[in-house]
Amino acid sequence: MNEMGEGRSISEILHHMGENHFPEHSVAPPLFQTSIFCFENFEEFQKALQDEKDNYIYSRGNNPTVNLCEKKIAALEHAERAKLVSSGVAAITQASMAFLKEGDHVVCVDSVYGWAHKLFGQYLKRFGVEVTYVEGIRVEQFEEAIRPNTRLIYLESPATFTFTLQPLRPVADLAKKYGIKTIIDNTWSTPIFQNPIDFGIDLVVHSATKYLGGSSDLIGGVICGSKEDIDVIFNQEFMQLGPVPDPFMTWQILRSLRTLHIRMAVHYQNALELGKFLEGRPEVRKVNYPLLPSFPQYELAKKQMRGGSGLFSVELKTTDREQIRKLTNQVKLFKRAVSWGGYESLIEPYIVMFRDDQEVPAERIGLIRLHAGLEEIEELKADLGQALDHMKQ
Ligand SMILES: *Cc1c(COP(=O)(O)O)cnc(C)c1O
């Protein structure tokens, strides 16, 4: 057993790691809802101030509740260290900016989360950073995009509308050859189903708002990586930009982590069952879920992931927006909402993001994203079934 959680079982990490010395033998971790920490004397005060990252001084830096949560997530991701931050976007932004400067170039997968796409394509342009977007399904696409000033390759595998994967080990090997940093958004798989660091990826980011939080009641994010990289992020972007994780939010994540592996097993099972059910329906052209044998990158998915989460998309044959509107209004258990990762099932048609008078490519009109929650699978199938039946009327 070492610092990186190797040799520890999932339940040991989630239920025991770092929990031996709670006051009064409390089973639940204490919530240190405090902004400052005080010192016995001048000497201790002075010593602590020389190194913010390894001391409890002020909760914009470290906090014991936050640090316990970081330790567990780092162990789950096979990383030396993790840094919790206030949102998934804060994790993406800080991890990326820490290793970029004016004149640098980024290679980014084109199907990544919208705000990551915007970070490179718009925001960082102001600071003289250039980007090339690639489809990213083959390592050659990355190699062709690399320039002498490329400093970062940004990945999201699978991406969360198209569910396309990137070959992680070949991309990590390529990046190492050219001295390029790699970051992956691993929100979809969670560390239960995929550990990108094992393939040689440098940094893993998560929106903890999704499965790590798991109950649709918090916004949070986390960055995992080597001690060296996390220290750089802590001392620069984290302390400078101030995207602090609230101790209570972190305490909620600690509570949710207790059941992460159990919840993920059910999300996986329910997504597979719903995917198969939808593949059998006449209204459906295609289901996009990497762990279904029909998925074009199924073999790669089996190689990189131990399972899948609850989010997938379905492409209906219809190109009639009215039918999509009917279907969306007809479901009873699936809630109409953005995001995912909680206990509840959700529906988000692609076209809901556009006004009625805006053009949408015909093949995207029938695209619908579904989140399989933790409800009884037969009830979920029946609900989608009746809504699809209703759509044709
Ligand atoms: C939600 C999401 C994010 C952003 O996370 P926030 O916590 O909303 O800031 C980033 N990446 C993916 C894949 C997401 O689904």
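Okay, so let's go over this structure.

Rules used throughout
Residues numbered from 1 in each chain as written. Predicted model: local features only at pLDDT ≥ 70, side-chain atom pairs only at ≥ 80, totals over all residues. Heavy atoms only, no water. Pairing = 2+ DSSP bridges. Helix = DSSP H or I, 4+ residues; strand = E, 2+ residues; numbered from the N terminus. Near = heavy atom within 4 Å. Polar contact = N/O pair within 3.5 Å; in protein donor to acceptor, adjacent residues only side chain to side chain. Areas by Shrake-Rupley, 256 points an atom, 1.4 Å probe, with all protein chains shown as cover. 1 Å grid on protein atoms, 1.4 Å probe; cavity = no way out; pocket = protein on both sides within 12 Å on 5 of 7 lines; lining within 4 Å. Sits in = over half its atoms within 2 Å of the grid points. Core = buried A, V, L, I, M, F, W, Y, C linked by side-chain atoms within 4.5 Å. Buried < 20%, exposed > 50% of the residue type's maximum accessible area, 1.4 Å probe, protein only. Domains from an automatic or database assignment. Contact = heavy atoms within 4.5 Å. Points joined across faces, edges and corners; volume = space filled by probe spheres on them. Nonpolar A, V, L, I, M, F, W, Y, C, P; charged D, E, K, R; others polar. Axes fitted to C-alpha atoms, helices over the stretch in contact; angles between N-to-C directions. Salt bridge = Lys/Arg side-chain N within 4 Å of Asp/Glu carboxyl O. Phe/Tyr/Trp six-rings, centres within 6.5 Å; stacked < 30°, edge-to-face > 60°. Lys NZ or Arg CZ within 6 Å of the ring centre and 35° of its normal.

1. Here's the deal with the sheet that holds strand β8 (residues 284–288)
1) Next: As summarised here, the arrangement of the 5 strands in space is β8-β9-β12-β11-β10, forming an open sheet in which the pairing is mixed. Where the open sheet ends on each side, the last strands, each with one partner, are β8 and β10 (335–336).
2) Next: As judged from the 5 bridges shared by strand β9 (residues 311–316) and strand β12 (residues 367–371), these two strands associate in the antiparallel manner. Residue pairing across strands places phenylalanine 312 opposite leucine 370, the latter belonging to β12.

2. A closer look at the site of the ligand
1) Next: In the region of the ligand, the neighbouring residues are Ser87, Gly88, Val89, Ile92, Tyr113, Glu156, Asp185, Ser207, Thr209, Lys210, Gly220 and Trp340.
2) Next: The separation between an oxygen atom of the ligand and a polar side-chain atom of serine 207 is 2.9 Å.
3) Next: Starting from 380 Å² of accessible surface for the ligand in isolation, the protein chains cover 91%.
4) Next: Mapping the ligand onto the cavity grids shows that it belongs to the largest pocket.
5) Next: Sort the elements by how many residues they give to the shell around the ligand and helix α4 (residues 88–97) lands first, with 3 residues.

3. What about the nonpolar core?
1) Next: Within the largest apolar cluster, 119 residues are counted, with the highest numbers of intra-cluster contacts made by Ile253 and Tyr289.
2) Next: Counting residues domain by domain, this core receives three or more from each of domain 1 (10–14 + 66–246) and domain 2 (260–391).
3) Next: Residue contacts for tyrosine 289: discarding those within four places in its chain leaves Trp188, Tyr268, Ala271, Leu272, Phe295, Gly308, Ser309, Leu311 and Phe312.

4. Considerations on empty space enclosed by the protein
1) Next: Enumeration according to the criterion identifies 2 cavities of 30 Å³ or more in this entry.
2) Next: One number sums up the size of the largest cavity: a volume of about 50 Å³.
3) Next: Forming the walls of the largest cavity are Leu278, Val314, Leu316, Leu327, Ile347, Ile368, Leu370, Leu384 and Leu388.
4) Next: Looking at the lining of the largest cavity, the elements that each hand over two or more residues are β9, β12 and α15 (377–391).
5) Next: For the lining of the largest cavity, a count of residues per class yields 9 nonpolar, no polar and no charged.

5. With respect to the sheet that holds strand β3 (residues 130–134)
1) Next: Spatially, β1-β7-β6-β5-β4-β2-β3 is the arrangement adopted by the 7 strands of the open sheet, whose pairing is mixed. With one partner strand each, in any of the chains shown, β1 (81–85) and β3 form the two edges of the open sheet. Sheet twist, expressed as the mean angle between neighbouring strand axes with direction ignored, is 20°.
2) Next: Where strand β6 (residues 203–207) lies against strand β7 (residues 221–225), 4 bridges are found, and the strand directions are antiparallel. Each bridged residue has a counterpart across the sheet, and for serine 207 the counterpart in β7 is glycine 221.
3) Next: The strands touched by helix α3 (residues 64–76) are β1 and β7; relative to β1, the strand with the most contacts, the crossing angle is about 130°.

6. Here we look at the side chain of threonine 160
1) Next: Along the chain, the position of threonine 160 falls in the loop between β4 (150–156) and α7 (168–177).
2) Next: Not counting the four nearest positions on each side in its chain, threonine 160 is found in contact with Trp188, Leu311, Trp340 and Arg369.

7. Quick word on the pattern of salt bridges
1) Next: The tally for this structure, following the rule as stated, stands at 22 salt bridges.
2) Next: With a shortest N-O distance of 3.6 Å, glutamate 315 and lysine 286 are connected by a salt bridge. Of this pair, glutamate 315 sits in strand β9 while lysine 286 is found in strand β8, placing the two residues 29 residues apart along the sequence.
3) Next: We note a salt bridge from glutamate 322 to arginine 325, for which the minimum N-O separation is 2.6 Å. Of the two residues, glutamate 322 and arginine 325 both sit in helix α13 (residues 321–330), 3 residues apart, roughly one turn of that helix.
4) Next: When its relative accessible area of 36% is taken as the criterion, glutamate 322 is described as partly exposed.
5) Next: Each of Asp51, Lys53, Asp54, Lys227 and Asp231 takes part in one network of salt bridges that share partners.

8. Focus: the pairing of β9
It is a general feature of regular strands that their side chains alternate between the two faces of the sheet.
1) Next: Within β9, 6 of the 6 residues are buried, leaving the element largely enclosed by the surrounding structure.
2) Next: Burial of β9 is two-sided: the residues Leu311, Ser313 and Glu315 facing one way and the residues Phe312, Val314 and Leu316 facing the other way are all buried.
3) Next: Two elements, β8 and β9, share 4 bridges in a ladder whose sense is antiparallel. Across the sheet, the residue bridging to valine 284 is leucine 316, located in β9.

9. So, the packing of aromatic side chains
1) Next: Counted according to the given criterion, the structure contains 13 aromatic pairs.
2) Next: Here the aromatic rings of phenylalanine 37 and tyrosine 56 are separated by 5.5 Å at their centres, their planes lie at 40°, and the arrangement is tilted. On the criterion of sequence distance, the pair formed by phenylalanine 37 in the loop between α1 (10–15) and α2 (42–49) and tyrosine 56 in the loop between α2 and α3 is long-range, its members being 19 residues apart.
3) Next: By relative accessible area, which is 18% here, phenylalanine 37 ends up buried.
4) Next: A ring pair is formed by phenylalanine 39 and phenylalanine 45, whose centres lie 5.2 Å apart and whose planes are at 15°; its orientation type is stacked.
5) Next: We classify phenylalanine 39 as partly exposed; its relative accessible area is 25%.
6) Next: Stacked on the ring of phenylalanine 99, the Lys or Arg lysine 181 has its end atom at 4.7 Å from the ring centre.

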